[in-house]
Amino acid sequence: MSVRKRSQKTGLPPGTLVHVGEKRTEKVRVELFSYDETSFEEKDVHDLNEAFPHADRQGVTWINIHGVHDTNIIEAIGRQFNLHPLTLEDILNPNQRPKVEDFSGYLFVVLKMLYFVDKEIASEQVGLIIGRNYVISFQEDGADVFNPIREQIRTNKGRLRRMGADYLAYALIDSVVDNYFVVLENVSETVDLLEDAVTDNPAPRTLQTIHFLRRQLIMLRKSVWPLREVINHLQHEESEFIKENTRIYLRDVYDHTIQVIDSVETLRDTLSGMLDVYLSSVSNRLNQIMKVLTIIATIFMPLTFLAGVYGMNFKNMPELSKTWGYPAVLALMAGVAGCMVYYFKRKKWF
Amino acid sequence: MSVRKRSQKTGLPPGTLVHVGEKRTEKVRVELFSYDETSFEEKDVHDLNEAFPHADRQGVTWINIHGVHDTNIIEAIGRQFNLHPLTLEDILNPNQRPKVEDFSGYLFVVLKMLYFVDKEIASEQVGLIIGRNYVISFQEDGADVFNPIREQIRTNKGRLRRMGADYLAYALIDSVVDNYFVVLENVSETVDLLEDAVTDNPAPRTLQTIHFLRRQLIMLRKSVWPLREVINHLQHEESEFIKENTRIYLRDVYDHTIQVIDSVETLRDTLSGMLDVYLSSVSNRLNQIMKVLTIIATIFMPLTFLAGVYGMNFKNMPELSKTWGYPAVLALMAGVAGCMVYYFKRKKWF
Amino acid sequence: MSVRKRSQKTGLPPGTLVHVGEKRTEKVRVELFSYDETSFEEKDVHDLNEAFPHADRQGVTWINIHGVHDTNIIEAIGRQFNLHPLTLEDILNPNQRPKVEDFSGYLFVVLKMLYFVDKEIASEQVGLIIGRNYVISFQEDGADVFNPIREQIRTNKGRLRRMGADYLAYALIDSVVDNYFVVLENVSETVDLLEDAVTDNPAPRTLQTIHFLRRQLIMLRKSVWPLREVINHLQHEESEFIKENTRIYLRDVYDHTIQVIDSVETLRDTLSGMLDVYLSSVSNRLNQIMKVLTIIATIFMPLTFLAGVYGMNFKNMPELSKTWGYPAVLALMAGVAGCMVYYFKRKKWF
Amino acid sequence: MSVRKRSQKTGLPPGTLVHVGEKRTEKVRVELFSYDETSFEEKDVHDLNEAFPHADRQGVTWINIHGVHDTNIIEAIGRQFNLHPLTLEDILNPNQRPKVEDFSGYLFVVLKMLYFVDKEIASEQVGLIIGRNYVISFQEDGADVFNPIREQIRTNKGRLRRMGADYLAYALIDSVVDNYFVVLENVSETVDLLEDAVTDNPAPRTLQTIHFLRRQLIMLRKSVWPLREVINHLQHEESEFIKENTRIYLRDVYDHTIQVIDSVETLRDTLSGMLDVYLSSVSNRLNQIMKVLTIIATIFMPLTFLAGVYGMNFKNMPELSKTWGYPAVLALMAGVAGCMVYYFKRKKWF
Amino acid sequence: MSVRKRSQKTGLPPGTLVHVGEKRTEKVRVELFSYDETSFEEKDVHDLNEAFPHADRQGVTWINIHGVHDTNIIEAIGRQFNLHPLTLEDILNPNQRPKVEDFSGYLFVVLKMLYFVDKEIASEQVGLIIGRNYVISFQEDGADVFNPIREQIRTNKGRLRRMGADYLAYALIDSVVDNYFVVLENVSETVDLLEDAVTDNPAPRTLQTIHFLRRQLIMLRKSVWPLREVINHLQHEESEFIKENTRIYLRDVYDHTIQVIDSVETLRDTLSGMLDVYLSSVSNRLNQIMKVLTIIATIFMPLTFLAGVYGMNFKNMPELSKTWGYPAVLALMAGVAGCMVYYFKRKKWF
């Protein structure tokens, strides 16, 4: 899908602001949190100019934008916070890889938020602008994993209110990564269910499910692998926006991404093992079918031949007129069939 | 194909100018753009000497050469701009890998432009000479993705006219990379169409299409992988020809190449999954065929045998003369057939 | 399984202490060893405050916690030894990868202890806090490989009592790694037993065992690979907690982990070889079955046809009334059958 | 092959001069070129002492030895030019990997020259001693790709006569690498021919050709991969024997080796795709065979059964005496056969 | 096997000297060579104390221990030469990976000596202690590749007597590596023999031989890969025990290990190609079998049906009483059979 939409930008000068995702019409919602250790303010911003004074305030300001389809809003924010045109372009294009970029005045981070829609993993881009005392987050859509953070700001639980903008950014990234575990569990359960199906009833649909799950895992992996590098960069680079005591928390998220990658690799291994088992079950089934055919043919072909012999119309067939002829032939037939059955038993064919 | 033509140069001293590609006869067209922020000039150059004074002008000069089969023109340009013989040799040989080379006085970049000809990806080499205030681009052929850039020069849209030769070079590279997305979308659509064919009707042709697509993707990958290194080099090396504020744009193209590589890898994964599904469908089909055979054989062999028994010509077969003999045997036959059908039903064979 | 439980923490602020493993209710046992070269003390601690003065004592103090499901105890220890909230969180979550983390005041090491439960490898997390003169070890459960170390402390055998806390940490890690060899031998024996089964009697169960073993090895590998990096880090980083003369011992454990990895890779290679042999045995068996069918069909079909011919009811079939007709046909049939048998013999079909 | 001969040296002290290749008896030919920009001399050397004064001359001396089976000559050269015993040993042993070694006084380079003998790639070792003003090249045998270089010396075409010994060494390496393209083209053509054979007529011989080609490509790769490192080393190491302005030419050869590697990898990919197609063609063929069998069996088994029924000898079979009995049964048979044919048509079996 | 024995050490404190290999009872033989350029002494040492004064002598002392099962001897040597307990432990445990370790006062090197026992590669550990003027070598068993070195010492052939202990160590390593070529040749010959068997007569035994050889190569590889790093370390590390002029010889052994690795990889590639050919041969054989069956069935089923028709007992079958009926039916049958044969000929089935 990401391949699909990109080409509509071909030929435009770089920095042209065009929204590349699906067209949407609903109004963009701009949420504003502004807090320090002692106080906090939360509101929905309708006039953008209203939001900006907050940026210069003491404490931390978090502006969360629901929807990136309104280029006017993005442009207004860009002007206000001095964002580079390429940053704005990337925010509008939901087909970015997770990445971190240093610009003068802010860090720009791109993440993928994953969630389930109709048993399929859906992916949504989250853009973060990390400034000295503010964080701006851009979400494409309704799916939202930031509620626990809103709650922590409101209730002043945990250390969020006592820390700076870098810790808020960490908390946002952490909640995105935490959600990967939910997605992983879902996939993992489907894999477990599949495991029994593979050996008991290897239908062609099983194979398709295996491949569907593999593609899902590839998608997960594509979101997590570059994220690992992103967090590593945030953790190790000398950057004025990430303070020393936040790095230890970033190391923790880093560990989580590694755990996700580990689980994805293990699930991929399990799936390719299941593929082997599936293919081998199909082969075994063929063997079963051929055994049935062979047993039947091997028993009845000689018998039919015998019956054929005594169905011949030769004048001179002395056996035919003997009284014991018929029972003798029947006994012979039973004997032949018995030998065959014995032979197959010994070969453990049934 | 690239393997084919190279050998005609074997044994010539290095730096000998021989055009290695397909022979062509049409006249080489030389296009000249010369611009700064306030003015621009565009013309087709017929006498090469006419083109060169421009190189010393203020502002940026872009010389675009359509066709590299006229060694005289290449040599004339080489003399005028002081190009190294190996650079000229590489321009004439369209089988280069994408690369960047520092020479004293200029940077030499080789790219691959990709486009579709008859549903196949075709590749064309683009050579770029990046000097302090000029860019010379060499194209093999008619296919051209540089039109949007000409338009930007003419209409002064975007920042192109305000920036130097390095930004022009970036814009040229960017338009080549942007075009990869168009190619990718095409391949991606064919893959999607194939996906249904694989399970529904796994014909040998399907397999050939899978392998054809795989080769196409390998071709794409061969163009993009080294390009990634090229752009990385341009972005990070200390070079006098790439200014600081252009590097941020190169980072953007770099991201695009990574996205292309990502998509190529995903498509390759999808294709190898489809190969598995195809091979398994073929196996399943064999199982289906064998089931039909086995069912038929297993039902009719015992029946034919029974008929054979009562076709024997023994004198002493008391059943034959009974009035109920015939209907009884028919009933027996129906019974045997019924048992078999029941057995197969229970085994879920149909 | 590790995938399963993680999500219950989603949405909680980082550093919240929640036990993520299986719920347990038995009382947590806290064991305390305190020793120097000349004396040692061993006791079970019931009141935690009783344990802490030991931390400031001369010599080395080892606190071993059996069970991490009581968050109160973990919190008390955290307060006493100044442990970072993220360390406590990791101790409570048994789904960590092996890792080492430098905190100010201590090193935190996570390991996986492996052992057999019902012929399956079970894994249990061991957390180590390495301070200047103390080691705190956290175990999830009953399985315990630290007995030899307790014995060395009690009997003053080896150099343990003469060395510092870093050597104790080394000894604990070493006993965990040593136990991997026991697990490996078990797996290795099962593989050897399987080897014969694969060629002699390739049942579908064999395949499942192969895949079961493969998953076991993946589990082992997941515990050992990161451990290698952990030990490498301990050995090479400049850390105040690991003294120079202990590093040589860490190099030894490092060698052991490499040996374990080597053996795991060899066993994996062996298993994938067995998979090939298994699949090929299934194919061979199909060939055997088809040979039997083909031999029977090829011998009896012509014979049955011959019998059919002389069972036709034409008036004018002169052979039928000849005295030699019947024996001649029987001889012909024997001849045909003989030819077929000869043909199959020459083709080495049986 | 390379494996075979090596063992005859086992147990000898290192530096013992033994020729390890095939035994040969013809006289070794020693060719001498001595040139500078204005003059050149060419002769066959019969008395080795005659050759050595040249080494001290102005300009460049190239000594080319045809055959390494005469240890006396090698030893004499070794004494004259102060070559290390290990260098001499390597020259005599044609089973070296391509490599470059710095010795005090000279560089020692080992290459593999490839050419075709009876449609198989043959490999011959070329050793180069690169001194300050001389190059000594050792060839095993008759195959010779150095003629263009002799021609350049004689006719003073290109820049060879104007440059030093390092450029001569470059030219020799370049002609060896250029020849790889000739070999590649040959292999590439065979692959193209095979491509059609694979789908049209998948004989077991096709499979053997695929594997033969794969082995050929492995051989090519084994010659080129280490060569890449060799040239990279020559290009980047600080060595007194390679001058700055020659390095740009070495970069060019380096690019060529990368192109060869690229082509080899592409051909390998193509071959493994062909293997898949081949195996799948074999499976498809089996399906075709089984379809024929199943169609025949499914049509004739019921018919034969029907015929059998009316061949039974029951007294009481009323149909037998009806005038319409025979035509009715024939019609029934035609109907059954028709149904079957219709069924197979609908299943698209033919 | 290496997996088996290791666990008997589990739980012992590190540095405890226990012999881990197979138990043996014969007396350990201690061989002593002591030489400089002008003189040499060789003797079997019976009283160990007798051996040690030599260690302080001028010139080089080589102590070669045949058998590591006598822990007393190992301990005595350890005391005399100040060896670290971990070194002694490693000498006693024959399941080490090849490695090199720097200890203060000596270098410790572990190698694997390979040789053939009953057509299987057997492996034996060789430990080397390299001191300033002595080398101590530990062998497990009888197999011995050091004879050529003894000969060089005795006869003063080559440069061995003129060089130091480091050159002796090099010579010992070189003779171990040289022996790998002998082993490789053996394997290589078996592979060549197998190559014909695979296509001509693909028995299940062939498959087992392929896998046996693969395991042998894995074993070889496990010995050589780490050895490469060992020699690289010896060659490049700044160590007081390896002199500058010996490094050039180590580079030579390094090249040999690379050649061994190359050959092993090539043989592995060949074997996996053979596996493909084998599996494909099995499939082809199945196709052959099915063709025979199908041809027979397709010819005789219609014929048998025809015979069945004229074996029916209908009163009203006019053909039966015609004189030409019988020959006409026979002709019809011949015609049907002919058509079938023609059909199969055209399909190239035989």
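Quantities reported herein were computed from a predicted structural model and do not represent experimental measurements. (Residues numbered from 1 in each chain as written. Chains lettered and ligands numbered in written order. Predicted model: local features only at pLDDT ≥ 70, side-chain atom pairs only at ≥ 80, totals over all residues.)

Time to look at the overall build of chain A. Looking only at helices and strands, chain A features 10 helices and seven strands. Taken over the C-alpha trace, chain A has a radius of gyration of 35 Å; the compact-globule value for 350 residues is 20 Å, which it surpasses by more than 25%. Overall, the C-alpha framework of chain A stretches about 120 × 45 × 35 Å when taken along its three principal axes. A burial count over chain A gives 44% of its 350 residues as buried. Pairs at least 24 residues apart make up 68% of the contacts formed inside chain A by residues separated by at least 6 positions. (Helix = DSSP H or I, 4+ residues; strand = E, 2+ residues; numbered from the N terminus. Rg over C-alpha atoms; globule rule 2.2 N^0.38 Å. Buried ≥ 20, exposed ≤ 12 C-beta atoms within 10 Å, placed from the backbone. Contact = placed C-beta atoms within 7 Å.)

Here we take up the relation of the copies chain C and chain A. The transformation that overlays chain C on chain A combines an axial shift of 0.0 Å with a rotation of 72°, and the residual RMSD is 0.1 Å. Those values place the two copies in the arrangement expected of a five-fold rotation axis. Among all C-alpha atoms of chain C, that of C:G311 lies closest to the rotation axis, at 4.7 Å. Looking at chain C, a mere 17% of its interface residues are interface residues in chain A too, so the copies touch through different faces. (Least-squares fit on C-alpha atoms with pLDDT ≥ 70 in both.)

A separate point is the sheet that holds strand β1 (residues 29-35) of chain A. Residues and elements named next belong to chain A. Here we have seven strands laid out as an open sheet, ordered β2-β1-β3-β7-β6-β5-β4, and mixed in their pairing. Sheet topology places β2 (40-45) and β4 (99-103) at the edges, where each strand pairs with a single neighbour. The average undirected angle you get between the axes of adjacent strands in this sheet is 20°. (Pairing = 2+ DSSP bridges. Axes fitted to C-alpha atoms, helices over the stretch in contact; angles between N-to-C directions.)

The next point concerns the pairing of β1(A). On a regular strand, one side chain projects to one face of the sheet and the next to the other, so that they alternate. Residue and element names in this part refer to chain A. Direction of pairing for β1 relative to strand β3 (residues 60-66): antiparallel, over a ladder of seven bridges. In the strand pairing of β3, S34 is matched with T61. Between the antiparallel neighbours β1 and β2 lie four residues.

All names here are of chain A. With six of seven residues buried, β3 lies mostly within the body of the structure. As paired elements, β3 and strand β7 (residues 134-139) share six bridges and run parallel to each other. When the bridges of β7 are listed, H66 appears paired with Q139.

A word on the interface of chain C and chain A. Listed by partner, the interface residues are 48 residues for chain C and 54 residues for chain A. Of all elements in the fold, only α1 (2-5), β4 (99-103), α7 (204-236), α8 (244-309), α9 (318-321) and α10 (325-346) of chain C reach the threshold of two or more residues within the side of chain C that touches chain A. With 16 residues, the single largest contributor to the side of chain C that touches chain A is α8(C). Residues belonging to the side of chain C that touches chain A are distributed by class as follows: 23 nonpolar, 16 polar and nine charged. (Nonpolar A, V, L, I, M, F, W, Y, C, P; charged D, E, K, R; others polar.)

Turning next to the sheet that holds strand β5 (residues 106-117) of chain D. Consider a sheet: its strands pair through backbone hydrogen bonds, and that pairing is either parallel or antiparallel. Residues and elements named next belong to chain D. Spatially, seven strands are ordered β2-β1-β3-β7-β6-β5-β4 in an open sheet, and the strand pairing comes out mixed. Single-partner strands in this sheet number two, and they are β2 (40-45) and β4 (99-103). Adjacent strand axes in the sheet meet at a mean angle of 20°, parallel and antiparallel pairs treated alike. Across 11 bridges, β5 lies against strand β6 (residues 120-130) in antiparallel orientation. By the bridge assignment for β6, M113 is matched with E124. Helix-sheet contacts for helix α6 (residues 165-200) involve β3 (60-66), β5, β6 and β7 (134-139), and the interaxial angle to β5 is about 25°.

Where helix α8 (residues 244-309) of chain D meets helix α8 (residues 244-309) of chain E, the axes come as close as 9 Å, and the angle between the chain directions of the two elements is 20°. Relative to α8(E), α8(D) is oriented roughly parallel. Of the two possible hands of crossing, α8(D) and α8(E) adopt the one that is left-handed. In the contact of α8(D) with α8(E), the residues fall into 21 nonpolar, 10 polar and three charged. (Parallel < 35°, antiparallel > 145°, perpendicular 65-115°, else oblique. Left-handed = near helix turned anticlockwise from the far one by under 90°.)

Another aspect to go through is helix α5 (residues 147-155) of chain B. Residues and elements named next belong to chain B. Looking at α5, one finds that the buried residues are I149, Q152 and I153. For α5, the buried positions fall inside an angular range of 100° around the axis, keeping them on one side. Projecting away from the buried face of α5 at angles above 90 degrees are the exposed residues N147 and T155. (Arc of directions from axis to C-beta.)

Okay, helix α4 (residues 85-92) of chain B next. Among the eight residues of α4(B), six are classified as buried, and the element is accordingly described as predominantly covered. Taken residue by residue, α4(B) has B:T87, B:L88, B:E89, B:D90, B:I91 and B:L92 as its buried positions.

Within the secondary structure, E:A297 is located in helix α8. In this structure E:A297 comes out as buried when scored by C-beta crowding, with 24 C-beta atoms within 10 Å. Among all residues touching E:A297, those that are not within four sequence positions of it are C:A297, C:M301, D:L293, D:I296 and D:A297.

A few words on the environment of B:H84. Residues and elements named next belong to chain B. Position of H84 among the secondary structure elements: in the loop between α3 (71-81) and α4. Residue class for H84 comes out partly exposed when judged on the 19 C-beta atoms lying within 10 Å of it. Measuring from C-alpha to C-alpha, the distance between H84 and G105 comes to 9.9 Å, with 21 residues separating the pair along the chain.

Turning to unusual backbone geometry, a few remarks are in order. One non-glycine residue, A:N82, lies in positive phi territory at about 60°. You can see A:N82 is positioned in the loop between α3 (71-81) and α4 (85-92). When the 12 C-beta atoms within 10 Å are taken as the criterion, A:N82 is described as exposed. For B:N156, which is not glycine, the phi dihedral falls at a positive 55°.

Another point: the confidence of the model for chain A. Residues and elements named next belong to chain A. Per-residue confidence for chain A gives a mean pLDDT of 86; residues scoring 70 or more make up 93%. Of all helices and strands in chain A, the one with the weakest mean pLDDT is helix α1 (residues 2-5) (47), whereas β7 scores best (92). Among the scores for the predicted complex, ipTM is 0.79 and pTM is 0.83. (pLDDT = per-residue confidence, 0-100.)

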